[in-house]
Amino acid sequence: MSYNLLKGKKGIIFGALDENSIAWKTALRVHEEGGQFVLTNAPIAMRMGNIKELAEKTNAEIIPADATSVEDLDNLVEKAMEILDGKLDFVLHSIGMSVNVRKGNHYTNMNYDYTAKGWDVSAVSFHKTMQSLYKKDAMNEWGSIMALSYIAAQKVFPDYNDMADNKAYLESIARSFGYFFGKEKKVRVNTISQSPTPTTAGTGVKGFDGFIAYADEMSPLGNATGMDCANYIVAMFSDLTKRVTLQNLFNDGGFSNMGVSQQVMEAFIKGKE
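Residues numbered from 1 in each chain as written. Predicted model: local features only at pLDDT ≥ 70, side-chain atom pairs only at ≥ 80, totals over all residues. Heavy atoms only, no water.

Under an unreviewed UniProt entry, the chain has the name Enoyl-[acyl-carrier-protein] reductase [NADH] and belongs to Salinimicrobium sediminis. Under the UniProt heading Catalytic activity (unreviewed entry), the note attached to the chain is "a 2,3-saturated acyl-[ACP] + NAD(+) = a (2E)-enoyl-[ACP] + NADH + H(+)". The UniProt entry for the chain carries the following text under Pathway (unreviewed entry): "Lipid metabolism; fatty acid biosynthesis." (UniProt positions renumbered as here; feature names shortened; annotations may be inferred.)

A.B. asks: Describe the pattern of salt bridges, listing the residues and the values that go with them.
C.D. replies: Side chains that differ in sign of charge can pair as their charged atoms come close. Applying the stated criterion across every chain, the model contains 8 salt bridges. The partner of E53 in a salt bridge is K57, and the shortest N-O contact between them spans 3.3 Å. Residue E53 and its partner K57 are both found in helix α3 (residues 51-58); the two are separated by 4 residues, about one turn of the helix. A salt bridge links D137 to K87; its shortest N-O distance comes to 3.0 Å. Here D137, found in the loop between α6 (112-135) and β5 (139-149), pairs with K87, found in the loop between α4 (70-84) and β4 (88-93); they are 50 residues apart in sequence, far enough to count as distant. (Salt bridge = Lys/Arg side-chain N within 4 Å of Asp/Glu carboxyl O. Helix = DSSP H or I, 4+ residues; strand = E, 2+ residues; numbered from the N terminus.)

A.B. asks: Could you give me a rundown of empty space enclosed by the protein, with the residues and numbers involved?
C.D. replies: Across all of its chains, the model carries 1 cavity of 30 Å³ or more by this definition. Quantified by volume, the largest cavity comes out at close to 40 Å³. What lines the largest cavity is Y150, I151, S193, Q194, S195, P196, F250, D252 and F255. (1 Å grid on protein atoms, 1.4 Å probe; cavity = no way out; pocket = protein on both sides within 12 Å on 5 of 7 lines; lining within 4 Å. Points joined across faces, edges and corners; volume = space filled by probe spheres on them.)

A.B. asks: Let's hear about the side chain of N166: which residues, and what values?
C.D. replies: Along the polypeptide, N166 turns up in helix α7 (residues 163-185). Other than its neighbours up to four places away in sequence, N166 contacts M97, G118, W119, S122 and A123. (Contact = heavy atoms within 4.5 Å.)

A.B. asks: Please set out the UniProt feature "binding site: NAD(+)" (unreviewed entry) in the chain residue by residue, giving values where relevant.
C.D. replies: Taking the numbering used here, the UniProt-annotated feature "binding site: NAD(+)" (unreviewed entry) corresponds to G15, S21, I22, I95 and K167. Within the element layout of this structure, S21 appears in the loop between β1 (10-14) and α1 (22-32). Note on I22: relative accessible area 7%, which makes it buried. (Buried < 20%, exposed > 50% of the residue type's maximum accessible area, 1.4 Å probe, protein only.)

A.B. asks: Can you lay out the packing of α4 against α6 for me, pointing to particular residues and giving the numbers?
C.D. replies: Axis angle and axis distance: for two packed helices, these are the angle between their axes and the distance between the axes, and together they describe the pair. Where α4 contacts α6, the two axes come as close as 9 Å, and the packing angle between them is 45 degrees. Classed by the angle they form, the pair α4 and α6 counts as oblique. With respect to the hand of their crossing, α4 and α6 are arranged in right-handed fashion. On the side of α4, the interface is formed by V70, L73, D74 and V77, while α6 contributes S125, K128, T129, S132 and L133. In terms of residue class, the contact of α4 with α6 is made up of 4 nonpolar, 3 polar and 2 charged. (Axes fitted to C-alpha atoms, helices over the stretch in contact; angles between N-to-C directions. Parallel < 35°, antiparallel > 145°, perpendicular 65-115°, else oblique. Left-handed = near helix turned anticlockwise from the far one by under 90°. Nonpolar A, V, L, I, M, F, W, Y, C, P; charged D, E, K, R; others polar.)

A.B. asks: Break down the side chain of T191 for me, with residues and values.
C.D. replies: Structurally, T191 is set in strand β6 (residues 188-194). By relative accessible area, which is 1% here, T191 ends up buried. At 2.7 Å, the side chain of T191 forms a polar contact with the side chain of N248. When residues no more than four places from it in sequence are discounted, the contact partners of T191 are M146, A147, S149, E171, A174, Q247, N248 and L249. (Polar contact = N/O pair within 3.5 Å; in protein donor to acceptor, adjacent residues only side chain to side chain.)

A.B. asks: Lay out the pairing of β6 with the relevant residues and their values.
C.D. replies: Summarising burial for β6: 7 of the 7 residues are buried, a large majority. Between the parallel elements β5 and β6, the chain passes through α7 in a crossover that is right-handed. (Right-handed = clockwise from strand over helix to strand, strands pointing away.)

Right under this line is the structure:
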């Protein structure tokens, strides 16, 4: 159902790879709500996904950009403002990657070159993006910048590996840069900590299927879906949340405040017996 929450608003969506990705679902919802945007991803990621299909569905143009390249990001921001005819109202950063996870390296046996690459893609790219937006004065007042995080930034999930560190750094960047964006330009910066969601990135984590089932049993409302997250992002892009900033917002069915659920306790006792 559309309420035209984003009518007249314009922005950039990073990270749409395929129909399973949260960025893809967000693009569809933003389009339904009247928003306009450009899509972007790294050229290598674009070859793996179906971003052209999404662009056709949403009347969006695609601007390839490596989010770790300041030159690419500067070009992205400039071209987005040209295409959309003015400053931006929203930006979604929905990218993350760990080479150590892909290569099966345990957290106690990191390849630090891989660590640096994952850190750059997953977290520092968010700072680089905001720096480009900030220096080019590309955001309208009361604009909204969002990034996707995960509760492993605060609590230990061993198989999440160095992505946990990346997400912790991402959230810190959101707060620190968010202060300057808010104070000087009245722009909001927040992160959403989403339930485990079967995206291409999520399913690459060891034991993901078991954990998604565990999280669902732990959460009073069950796991939030990718579309639930897209709807939350739409709300955060809208004027309904114009004074929410510097927050890490949990969209996880209540998981983040649970110690243990009755269902999980019963399953544990049954297993012990």
